[in-house]
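Here are the chains, one letter per residue:
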Amino acid sequence: MSTVWRGSEVLWREPWGSVIGRTLRRGVIAALALLLSGLPGTAWTGISPYTWLRIPFAIIGLLWGLLFVLAVANVARSRRIVLMIMGTGSVERPRSIQEVWLRRPHEVVMGRTITVTPPSQSYRITRAEPYVVLSGEGAIKGVPLFRTDPAAFVEQVNAISRARGVTFVLAEPAAEA
């Protein structure tokens with residue numbers, strides 16, 4: 001039976017703490033680099049005593065400033081959505097503005113049963129850890145769970161997706177080669 005009439009529904013959102021932390025980090029790095037470099041075309045020559053060092057600081061500051069603006073624009077565009085289940089039953093990951101510009105393929109996984117594979121071990125400790133892989137017909141790699149246990153993630157998304165005939169199943173982590 002078709003579930004297209006239901007439209008799309010949000011499965012997983014990024015918490016505000018992660019959004020604010022990432023955005024502030026990008027803004028602080030941009031401001032610090034521009035503070036060290038000075039602003040070209042103005043009387044502000046920056047804190048850095050070496051002229052040759054101001055140019056790399058200016059480039060770094062402008063690039064991180066662009067990342068700051070893109071972080072704000074991406075949050076406004078995606079409304080913090082990490083995963084959506086579409087009316088057709090497919091699970092999709094919305095692309096960021098950068099991914100659209102770079103023509104990165106749209107990540108979609110389909111099927112009645114979607115396997116959630118957690119990592120065997122983690123080397124980094126970040127707010128987005130652990131990352132899982134969703135697989136079925138297609139795959140979505142690197143879905144951040146934001147310090148949520150994979151079993152709790154599966155339980156939460158199953159509560160939303162069961163009405164659409166899609167079931168998420170937790171798999172054992174792959175063994176290291």
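Our subject in this report is the structure included herewith. (Residues numbered from 1 in each chain as written. Predicted model: local features only at pLDDT ≥ 70, side-chain atom pairs only at ≥ 80, totals over all residues. Heavy atoms only, no water.)

## Some thoughts on the nonpolar core
Phase 1: Formed by 21 residues in total, the largest nonpolar core has its most connected members in Leu83, Val91, Leu134, Phe153 and Phe168.
Phase 2: Within the residue set of this core, elements represented by two or more residues are β1 (9-13), β2 (81-85), β4 (107-117), β5 (131-144) and α4 (150-161).
Phase 3: Of all the elements, β5 adds the most residues to this core, at four residues. (Core = buried A, V, L, I, M, F, W, Y, C linked by side-chain atoms within 4.5 Å. Buried < 20%, exposed > 50% of the residue type's maximum accessible area, 1.4 Å probe, protein only. Helix = DSSP H or I, 4+ residues; strand = E, 2+ residues; numbered from the N terminus.)

## Section: the layout of surface pockets
Phase 1: Considering only enclosed or pocket space, the largest pocket measures out at about 840 Å³ in volume.
Phase 2: Glu14, Arg22, Arg26, Pro144 and Phe146 are the residues nearest the centre of the largest pocket, which is lined by 29 residues in total.
Phase 3: Going through the elements one at a time, α1 (16-37), α2 (51-78), β2, α3 (97-101) and β5 are the ones with two or more residues in the lining of the largest pocket.
Phase 4: Of the residues forming the lining of the largest pocket, the biggest block, six residues, is contributed by α1.
Phase 5: Grouping the constituent residues of the lining of the largest pocket by class yields ten nonpolar, eight polar and eleven charged. (1 Å grid on protein atoms, 1.4 Å probe; cavity = no way out; pocket = protein on both sides within 12 Å on 5 of 7 lines; lining within 4 Å. Points joined across faces, edges and corners; volume = space filled by probe spheres on them. Nonpolar A, V, L, I, M, F, W, Y, C, P; charged D, E, K, R; others polar.)

## Observations regarding the environment of Pro49
Phase 1: Within the fold, Pro49 resides in the loop between α1 and α2.
Phase 2: In sequence terms Pro49 and Ser37 are twelve residues apart; their C-alpha atoms lie 9.3 Å from each other.

## Remarks on the side chain of Asn74
Phase 1: Mapping Asn74 onto the fold places it in helix α2.
Phase 2: Apart from residues lying up to four places away in sequence, Asn74 is in contact with Arg79, Ser96, Ile97 and Gln98. (Contact = heavy atoms within 4.5 Å.)

## As for α1
One turn of an α-helix holds 3.6 residues; hence residues three or four places apart share an orientation.
Phase 1: The terminal C-alpha atoms of α1 lie 31 Å apart, and with 22 residues this matches the ideal 32 Å at 1.5 Å per residue to within 8%.
Phase 2: The elements touched by buried residues of α1 are α2.
Phase 3: Immediately downstream of α1, the backbone of Gly38 shows phi near 90 degrees, a positive value. (Expected span 1.5 Å × (residues − 1).)

## Here's the deal with the packing of α1 against α2
Phase 1: Packing of α1 against α2 brings their axes to within 7 Å, and their N-to-C directions diverge by 155 degrees. The pairing of α1 with α2 is recorded here as roughly antiparallel in orientation. Every pair of crossing elements has a handedness; the one defined by α1 and α2 is left-handed.
Phase 2: Of the residues belonging to the contact of α1 with α2, the class tally is 17 nonpolar, five polar and three charged. (Axes fitted to C-alpha atoms, helices over the stretch in contact; angles between N-to-C directions. Parallel < 35°, antiparallel > 145°, perpendicular 65-115°, else oblique. Left-handed = near helix turned anticlockwise from the far one by under 90°.)

This is a description of form; function is not addressed.
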